[in-house]
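Take a look at the letters that make up each chain.
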Amino acid sequence: MPRPIQVYIHSQALQHNLQIARACTPESQIFAVVKANAYGHGIERVYSALKNADGFAFLDLAEGKRLRALGCDKPLLLLEGIFGLEDLFDCAKYGMSFAIHAQHQLE
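First, a word on what this report is: a plain description of the structure on this page. It should be emphasised that the depicted structure is a prediction, and the values quoted were computed from it without experimental measurement.

## Details of the overall build of the chain
Phase 1: Looking only at helices and strands, the chain features six helices and four strands.
Phase 2: Ordered by position from the N terminus, the helices and strands of the chain form the series α-β-α-α-β-α-β-α-β-α.
Phase 3: Along the first, second and third principal axes, the C-alpha set of the chain runs to 45 × 45 × 25 Å.
Phase 4: Taking all 107 residues of the chain together, 28% fall into the buried category.
Phase 5: In the chain, once contacts between residues fewer than 6 apart in sequence are set aside, the share between residues at least 24 apart is 39%.
Phase 6: Of the roughly 7,200 Å² of accessible surface on the chain, a fraction of 55% belongs to carbon and sulfur atoms.
Phase 7: One way to put it: in the chain the 10 positive side-chain charges average out to a point 9 Å from where the 11 negative ones average out.

## Examining the packing of helix 4 (residues 61-69) against helix 5 (residues 85-94)
Phase 1: Contact geometry of helix 4 with helix 5 gives a least axis separation of 11 Å together with a crossing angle of 15 degrees. Overall, the two elements helix 4 and helix 5 adopt an arrangement that is roughly parallel. With respect to the hand of their crossing, helix 4 and helix 5 are arranged in left-handed fashion. Of the residues in helix 5, those touching helix 4 at L61, K65 and R68 are D87, D90, C91 and Y94.

## Thoughts on the nonpolar core
In summary, soluble globular proteins display a tendency toward joint burial of nonpolar side chains.
Phase 1: Within the largest apolar cluster, 20 residues are counted, with the highest numbers of intra-cluster contacts made by V34, F56, F58, L67 and L76.
Phase 2: Within the residue set of this core, elements represented by two or more residues are helix 3 (43-50), strand 2 (55-58), helix 4 and strand 3 (76-78).
Phase 3: A total of four residues in this core trace back to one element, the largest contributor, which is helix 3.
Phase 4: Non-local contacts of L76, meaning those with residues more than four positions away in its chain, are made with F56, F58, G64, L67, R68, G95, M96 and S97.

## Looking at unusual backbone geometry
Phase 1: The residue A36 is not glycine, and still its phi comes out positive at about 55 degrees.
Phase 2: Mapped onto the elements, A36 comes out in helix 2 (residues 35-39).
Phase 3: Since its relative accessible area comes to 48%, A36 is described here as partly exposed.
Phase 4: Residues other than glycine seldom take positive phi values, yet Y39 does so here, at roughly 55 degrees.
Phase 5: Tracing the chain through its elements places Y39 in helix 2.

Each value, and the rule that gives it
Residues numbered from 1 in each chain as written. Predicted model: local features only at pLDDT ≥ 70, side-chain atom pairs only at ≥ 80, totals over all residues. Heavy atoms only, no water. Helix = DSSP H or I, 4+ residues; strand = E, 2+ residues; numbered from the N terminus. Buried < 20%, exposed > 50% of the residue type's maximum accessible area, 1.4 Å probe, protein only. Contact = heavy atoms within 4.5 Å. Areas by Shrake-Rupley, 256 points an atom, 1.4 Å probe, with all protein chains shown as cover. Lys, Arg positive; Asp, Glu negative; His and termini not counted. Charge placed at Lys NZ, Arg CZ, Asp CG, Glu CD. Axes fitted to C-alpha atoms, helices over the stretch in contact; angles between N-to-C directions. Parallel < 35°, antiparallel > 145°, perpendicular 65-115°, else oblique. Left-handed = near helix turned anticlockwise from the far one by under 90°. Core = buried A, V, L, I, M, F, W, Y, C linked by side-chain atoms within 4.5 Å.

So this is what it looks like as structure tokens:
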């Protein structure tokens, strides 16, 4: 049986938090981390509030593809990195950068 949990997404609060982060680090780029489907809240539900971020970071290639489908033209960063040639080709196709955290990803 599902638990009776409700979530309310306050877009203005997300926008405000982004402005605070930017004000605290004026010389930095701010990436919104939306991994795990925006922490279970839904990338589609938070994208409009965070679209003024300098870029987006996530764990799964599908999340980056969803951001592109929403019209995101900002830099995208795949935090988990690539695990094969298909991942590399997808990153190139969708204009995503990726982290390298293991030797096998270089090979």
